[in-house]
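Descriptive structure summary
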Amino acid sequence: MTLQHVSDVGHLRRLWLRDGLAGVYISDSSLDEIQPDARRAVLVVHGIERDGHRYWKALARAARRAGADVRAETYLMAPQFFTRKEVRMRGLGADTLAWASQAWKQGDLSRNGGGVSAFAVVDTMIQRLLHRDCFPRLAQIVIVGHSAGAQFVQRYAAASRSAAHARAQGVALRHIVVGPSSYLYLDDTRRGFGPVAGYGRPCRHTVLRCPGYDHYKYGLRQANAYVSGIGALEIRREYAAKEVVYLVGEHDNDPDDQHLDRSPAAMLQGRDRLDRCLAYRDHLARLYGGVPSTHVFQVVPGMRHQGARILRSPIGLRWLFDVDFQSTRL
């Protein structure tokens, strides 16, 4: 993929941070331009291939399907987390932040610029969206990710304080998590180790086999700098109040999928993505005495691990753009 190819579907743009450092995003207009008609902003986080241009294009297609009025009042963007090699290939310069190929999706620090969390980059994007000089009518921000992007969004939803900052500005923040390989558990229990195969702490044999099962990104122990800076107590306390929508394909249940995380820590969360989604719903229900009212779990009928199709499905459009379609909760 060349820079010209990116420009074909949405321009590659810089987000200037501290000390002359830049993050990157894809959009058909800049965050610094006045958007007088934008009532909603939707950020889509790319997957493991770091193909933000494809996800931006899929999001734009979903917005068009939602209707001309919806598209006209929605600002679309895709954060882009490049590796060092990709930055060099595009001639973006040493001031452009870059991450190890797997580090961005859990909010780890960049490999340059003194270490900047990928989560902090999205924090800055949201801060820009909250500037009333450029977005005077903005009422809602939606962050959506599929697969590896969903791993990013779910952990960002748990750890970030952006929801509170947006709420203080009268803007709602919704997180949409679509078919991740794993979830951030908020305590050290897992399914199958409690009474009647319920939730409990894994047995000694399991812990010896998988001593890091509750380490970040699977749990809150030994978290990275961004997440530990928030702290486990605040994350557990605040997560229930955030708006988080979990979507998974009805047929996203292949335990041999090539991109499925099959590490011991991930396997303790379930055998496939559908199973892990249901298990995480039950984890939250046990932790909070019921699934929090602002958390919604839905299966998308007929779908496998198909991010673009889920985005433009009736359920996807409902949660991305508040287009009213009939659907059923899990």
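Rules used throughout
Residues numbered from 1 in each chain as written. Predicted model: local features only at pLDDT ≥ 70, side-chain atom pairs only at ≥ 80, totals over all residues. Heavy atoms only, no water. Helix = DSSP H or I, 4+ residues; strand = E, 2+ residues; numbered from the N terminus. Buried < 20%, exposed > 50% of the residue type's maximum accessible area, 1.4 Å probe, protein only. Contact = heavy atoms within 4.5 Å. Patch = residues over 30% accessible without salt bridge, like charges linked within 9 Å, V, L, I, M, F, W, Y side chains within 5 Å. Areas by Shrake-Rupley, 256 points an atom, 1.4 Å probe, with all protein chains shown as cover. Salt bridge = Lys/Arg side-chain N within 4 Å of Asp/Glu carboxyl O. Lys, Arg positive; Asp, Glu negative; His and termini not counted. Charge placed at Lys NZ, Arg CZ, Asp CG, Glu CD. pLDDT = per-residue confidence, 0-100. Axes fitted to C-alpha atoms, helices over the stretch in contact; angles between N-to-C directions. Parallel < 35°, antiparallel > 145°, perpendicular 65-115°, else oblique. Nonpolar A, V, L, I, M, F, W, Y, C, P; charged D, E, K, R; others polar. Expected span 1.5 Å × (residues − 1).

Here we come to the environment of His 251. Examined against the element boundaries, His 251 turns out to sit in the loop between strand S9 (243-249) and helix H11 (264-267). Relative accessible area serves as the criterion here: at 40%, His 251 is assigned to the partly exposed category. Contacts of His 251, omitting those with residues within four sequence positions, involve Gly 302, Met 303 and Arg 304.

Here we come to unusual backbone geometry. Put simply, Tyr 216 and Lys 217 share a cis peptide bond, and its omega is 25 degrees. Assignment of secondary structure puts Lys 217 in the loop between helix H8 (204-209) and helix H9 (225-230). We note that Ser 147 has phi near 60 degrees; this positive angle belongs to a residue other than glycine. Relative to the assigned elements, Ser 147 resides in the loop between strand S5 (140-146) and helix H6 (148-159). Judged by its relative accessible area of 14%, Ser 147 is buried. For Val 196, which is not glycine, the phi torsion reads 50 degrees and is therefore positive. Looking at where Val 196 falls in the secondary structure, it is placed in the loop between strand S7 (190-191) and strand S8 (199-200).

With that out of the way, let us pick up a positive patch on the surface. A surface patch of positive charge is lined by Lys 57, Arg 61, Arg 64 and Arg 65. With respect to the helices and strands, Arg 65 occurs in helix H2 (residues 52-66). You can call Arg 65 exposed: its relative accessible area is 54%.

Turning our eyes to something else, we now look at the confidence of the model for the chain. Averaged over every residue, the pLDDT of the chain is 94; the share at 70 or more is 95%. Note on residues 1-10: pLDDT under 50 across the span, and 14 contacts to partners over four residues away in sequence or across chains.

Moving on, we come to the packing of helix H5 (residues 118-129) against H6. Axis separation between H5 and H6 bottoms out at 11 Å; the angle between their running directions is 75 degrees. The angle between H5 and H6 falls in the class roughly perpendicular. Of the residues in H6, those in contact with Ala 118, Phe 119, Val 122, Asp 123 and Ile 126 of H5 are Phe 152, Arg 155 and Tyr 156. For the contact of H5 with H6, a count of residues per class yields 6 nonpolar, no polar and 2 charged.

Further remarks concern the pattern of salt bridges. Summed over all chains, the structure comprises 24 salt bridges. For the salt bridge of Arg 14 with Asp 95, the shortest nitrogen-to-oxygen distance reads 3.1 Å. Taken together, the residues span a long stretch of sequence, with Arg 14 in strand S1 (residues 11-16) and Asp 95 in the loop between helix H4 (84-89) and H5 at a distance of 81 residues. Two residues, Arg 40 and Asp 322, come together in a salt bridge whose shortest N-O distance is 3.9 Å. Of this pair, Arg 40 sits in strand S3 (residues 40-45) while Asp 322 sits in the segment after helix H14 (314-321); the two residues are 282 residues apart in sequence, bridging distant segments of the chain.

Relative to the 16 Å expected for 12 residues at 1.5 Å per residue, H6 spans 17 Å between its end C-alpha atoms, a close match to the ideal helical length. Most of H6 sits out of view: 12 of its 12 residues are buried. The complete set of buried residues in H6 reads Ala 148, Gly 149, Ala 150, Gln 151, Phe 152, Val 153, Gln 154, Arg 155, Tyr 156, Ala 157, Ala 158 and Ala 159.

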